[in-house]
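For reference, the chains in residue letters:
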Amino acid sequence: MLKAGIVGLPNVGKSTLFNALVANAKADAANFPFCTIEPNVGVVSVPDERLDVLAKISSSEKIVPTRIEFVDIAGLVAGASKGEGLGNQFLANIREVDAIVHVVRCFDDDDIIHVAGSVDPVRDIEIINLELSLADLAQIERRIERVRKQAKKDEGAKTELVALEKLADFLNEGKSVRQVQLNEEESAAIAPLGLLTNKPVIYATNVSEDDLAEGNDWVQAVKEFAATENSKVVVVSAQVESELIELSEAEKTDYLAALGVAEGGLKSLIQATYELLGLRTYLTTGEKETRAWTIVAGLKAPQAAGVIHSDFEKKFIKAETISYQNLVDSGSKVAAREKGLIRFEGKDYVVEEGDVIEFRVGG
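So, a few notes on the structure that sits alongside this text. (Residues numbered from 1 in each chain as written. Predicted model: local features only at pLDDT ≥ 70, side-chain atom pairs only at ≥ 80, totals over all residues. Heavy atoms only, no water.)

1. A look at empty space enclosed by the protein
Piece 1. This structure, assessed with the given rule, holds one cavity of 30 Å³ or more.
Piece 2. Taken as a whole, the largest cavity holds about 40 Å³ of empty space.
Piece 3. Sorting the residues of the lining of the largest cavity by element identifies β10 (316-323) and β12 (355-361) as the ones contributing at least two each.
Piece 4. Among the elements that make up the lining of the largest cavity, the one with the highest residue count is β12 (three residues).
Piece 5. Here the lining of the largest cavity is built from residues that sort into four nonpolar, no polar and three charged. (1 Å grid on protein atoms, 1.4 Å probe; cavity = no way out; pocket = protein on both sides within 12 Å on 5 of 7 lines; lining within 4 Å. Points joined across faces, edges and corners; volume = space filled by probe spheres on them. Helix = DSSP H or I, 4+ residues; strand = E, 2+ residues; numbered from the N terminus. Nonpolar A, V, L, I, M, F, W, Y, C, P; charged D, E, K, R; others polar.)

Structure representation (structure tokens):
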């Protein structure tokens, strides 16, 4: 299951957003630093309207969406890389996630204190990024000392040493690991380190409801910063998200429309996460269930089948495949088959977004 860590300075709206995204979670959301000490975890279903449509076509007994795990991690402060605040615990928690949702405050409210005394989202981002970079640099320097001797005799260690020294130079310049161009061998060599600044980041700009549709100057500043490291930016309002919890689907649609937006923050965050990580969704459907499956872009049919069960990959024969839209337009698999729209793909087929697949496997 994909795991996204929600991080940020204290009092930027992390726990409020988490509570809203995971409607029945019980994370505290209070107006003081370090309210969140132990990370709160919640699993949310990925919104996908295609599942309802396919379930009706197949008369499925149940619908099973894919899921994302959100982790609300303690607020970080300057000096965290040296253990300030809850720094060490924060850094350990963030190492375990696949992607970082970095919440930055882009609203003004005299009733909500800011640990730095004023609203400046780019400054806030740089505080956290510096701490993550310092933690990575310390880890890399320790690793260089261990690998340097091995590199005299081992080619693999030599490749790792070259990558580590390159990363150290960039980190000393104030850049993150994800901004460094590494070749395939170098990337593989440093992957086991789980470096913090190598994780993909989505900046969630937390705004007031009045700025949800158009953003504001703070949001624009974050977008300009994110562009320098190819990160994503999503505009959200934790307060709006918390208000949506109590509304029906129809009421949610009307409320969001009145604010000038088409969807809530959860869908926007998930879409941005999928794009950032290069993820795709394929679908299976039948009388028993209609289900969504998450894979990495470029995965071939046998490996995609292995997501369902490892035996499916080993015993793969072929994939009966049709695009979602072709199936919907046809109205049923029987009609789609009569039109010649269902294909039989082999082991080299690269699964595409929205493929509806039935795998054929050997005994």
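Now that the structure has been shown, we can carry on.
2. Observations regarding the sheet that holds strand β4 (residues 67-72)
In any sheet, the strands associate via hydrogen bonds between backbone groups, in a parallel or an antiparallel arrangement.
Piece 1. Strand order in the open sheet formed by six strands is β2-β4-β1-β5-β6-β7, and the pairing between neighbours is mixed. Each edge of the open sheet carries a strand with a single partner, namely β2 (40-45) and β7 (232-236). For this sheet the average axis-to-axis angle between neighbouring strands, irrespective of direction, equals 25°.
Piece 2. Pairing of strand β1 (residues 2-7) with β4 involves five bridges; the strand directions are parallel. Residue pairing for β4: leucine 2 is matched across the bridge by isoleucine 68.
Piece 3. In the packing of helix α1 (residues 14-21) onto the sheet, contacts are made with β1, β2, β4, β5 (99-105) and β7, and the angle to β4 comes to roughly 155°.
Piece 4. Running at roughly 175° to β7, helix α10 (residues 265-277) makes contact with β1, β2, β4, β5, β6 (201-206) and β7 of the sheet. (Pairing = 2+ DSSP bridges. Axes fitted to C-alpha atoms, helices over the stretch in contact; angles between N-to-C directions. Contact = heavy atoms within 4.5 Å.)

3. What about the packing of helix α4 (residues 121-150) against helix α5 (residues 155-172)?
Piece 1. Where α4 meets α5, the closest approach of the two axes is 9 Å, and the angle between their N-to-C directions is 150°. One finds that α4 runs roughly antiparallel with respect to α5. Note on packing geometry: the crossing formed by α4 with α5 is left-handed. Together, Ser133, Asp136, Leu137, Ile140, Arg143, Ile144, Val147, Arg148 and Gln150 of α4 and Ala157, Glu160, Leu161, Leu164, Glu165, Leu167, Ala168, Leu171 and Asn172 of α5 make up the contact between the two elements.
Piece 2. Looking at side-chain class alone, the contact of α4 with α5 contains ten nonpolar, three polar and five charged residues. (Parallel < 35°, antiparallel > 145°, perpendicular 65-115°, else oblique. Left-handed = near helix turned anticlockwise from the far one by under 90°.)

4. A short note on the side chain of glutamine 139
Piece 1. Mapped onto the secondary structure, glutamine 139 falls in helix α4.
Piece 2. Owing to a relative accessible area of 14%, glutamine 139 belongs among the buried residues under this scheme.
Piece 3. Among the polar contacts made by the side chain of glutamine 139, one reaches the side chain of arginine 95 at a distance of 3.1 Å.
Piece 4. Excluding residues that lie within four positions of it along the chain, glutamine 139 makes contacts with Arg95, Leu193 and Leu195. (Buried < 20%, exposed > 50% of the residue type's maximum accessible area, 1.4 Å probe, protein only. Polar contact = N/O pair within 3.5 Å; in protein donor to acceptor, adjacent residues only side chain to side chain.)

5. Considering helix α7 (residues 217-227)
Piece 1. Taken together, the buried positions of α7 are occupied by Val219, Val222, Phe225 and Ala226. Seen from one end, α7 has its buried residues packed into an arc of 120°, which puts them on one side. Of the exposed residues in α7, the ones pointing more than 90 degrees away from its buried face are Asp217, Glu224 and Ala227.
Piece 2. Those residues of α7 that are buried are in contact with β5, α4, β6 and β7.
Piece 3. Two or three places before tryptophan 218, at the opening of α7, asparagine 216 has a side-chain oxygen 3.0 Å from that residue's backbone nitrogen. (Arc of directions from axis to C-beta.)

6. Quick word on the nonpolar core
Piece 1. By size, the foremost hydrophobic cluster in this structure holds 55 residues, and its most contacted members are Leu21, Ile68, Phe70, Ile94, Val101 and Leu269.
Piece 2. Residue contacts for leucine 269: discarding those within four places in its chain leaves Leu17, Leu21, Val101, Ile202, Ala204 and Val234. (Core = buried A, V, L, I, M, F, W, Y, C linked by side-chain atoms within 4.5 Å.)

7. Digging into the environment of glutamine 271
Piece 1. Position of glutamine 271 among the secondary structure elements: in helix α10.
Piece 2. On the basis of relative accessibility, which here comes to 36%, the residue glutamine 271 falls in the partly exposed class.
Piece 3. C-alpha of glutamine 271 to C-alpha of valine 46: the two residues are 225 residues apart in sequence and 9.1 Å apart in space.

8. A short note on the pairing of β6
Piece 1. Judged by how many residues are buried, β6 sits mostly within the fold: six of six residues are covered.
Piece 2. The side-chain alternation of β6 yields two buried faces, one formed by Val201, Tyr203 and Thr205 and the other by Ile202, Ala204 and Asn206.
Piece 3. Pairing geometry for β5 and β6, over six bridges, is parallel. Note on β6: the bridge partner recorded for arginine 105 is asparagine 206.
Piece 4. Two elements, β6 and β7, share five bridges in a ladder whose sense is parallel. Pairing of threonine 205 across the sheet is with valine 235, part of β7.

9. Looking at the side chain of threonine 273
Piece 1. Considering the arrangement of structural elements, one finds threonine 273 in helix α10.
Piece 2. At 2.7 Å, the side chain of threonine 273 forms a polar contact with the backbone oxygen of leucine 269.
Piece 3. Excluding its chain neighbours within four sequence positions, the residues that come into contact with threonine 273 are Leu2, Ala99 and Ile202.

10. Topic: the layout of surface pockets
Piece 1. Volume-wise, the largest pocket comes out at about 710 Å³.
Piece 2. Lining the largest pocket are 23 residues; nearest its centre among them are Pro47, Glu249, Lys252, Leu266 and Lys267.
Piece 3. Listing elements by their share of the lining of the largest pocket, those giving two or more residues are α1, β2, α8 (238-244), α9 (249-259) and α10.
Piece 4. Here the lining of the largest pocket gets four residues from one element, more than from any other, and that element is α9.
Piece 5. Tallied by class, the residues present in the lining of the largest pocket amount to twelve nonpolar, four polar and seven charged.

Keep in mind these values describe shape, not function.
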